[in-house]
Amino acid sequence: MTSKKKYNIKLIKNIFTGLFVLLLLFWLFQIDWNNVASKTNSGAFFGVLSAVLFIISMQIKNKEPKNDN
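Residues numbered from 1 in each chain as written. Predicted model: local features only at pLDDT ≥ 70, side-chain atom pairs only at ≥ 80, totals over all residues. Heavy atoms only, no water.

To continue, consider the nonpolar core. When a protein is soluble and globular, its nonpolar side chains tend to lie buried together. One finds F20, L24, I31, A44, V48, A51 and I55 forming the largest nonpolar core, which totals 7 residues. Elements supplying a minimum of two residues to this core: α1 (5–30) and α2 (42–59). Sorting elements by how many residues they give to this core places α2 first, with 4 residues. Contacts of I55, omitting those with residues within four sequence positions, involve T17, F20, V21 and L24. (Core = buried A, V, L, I, M, F, W, Y, C linked by side-chain atoms within 4.5 Å. Buried < 20%, exposed > 50% of the residue type's maximum accessible area, 1.4 Å probe, protein only. Helix = DSSP H or I, 4+ residues; strand = E, 2+ residues; numbered from the N terminus. Contact = heavy atoms within 4.5 Å.)

On to the packing of aromatic side chains. The tally for this structure, following the rule as stated, stands at 3 aromatic pairs. Their ring planes at 25° and their centres at 6.5 Å tell us that F16 and F20 sit as a pair that is stacked. Remark: F20 and F16 occur in helix α1; sequence separation between them is 4 residues, near one turn of the helix. Residue classification places F16 among the partly exposed residues on the basis of a relative accessible area of 38%. (Phe/Tyr/Trp six-rings, centres within 6.5 Å; stacked < 30°, edge-to-face > 60°.)

Structural data, given as structure tokens:
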């Protein structure tokens, strides 16, 4: 018996990854590249870091429990 659950989870992960890529692009445009070391850029750098970490976490495969039936 095949389950659609795997397909739906993969689709949902891909949708969230796309949203986080858009968020990453937004925060990249918020950085003042002329004064990168400025304290006002700290929020933008945090936004970039969090988006990158979310994208990485969405790409990691989860371990699936083995059914010994």
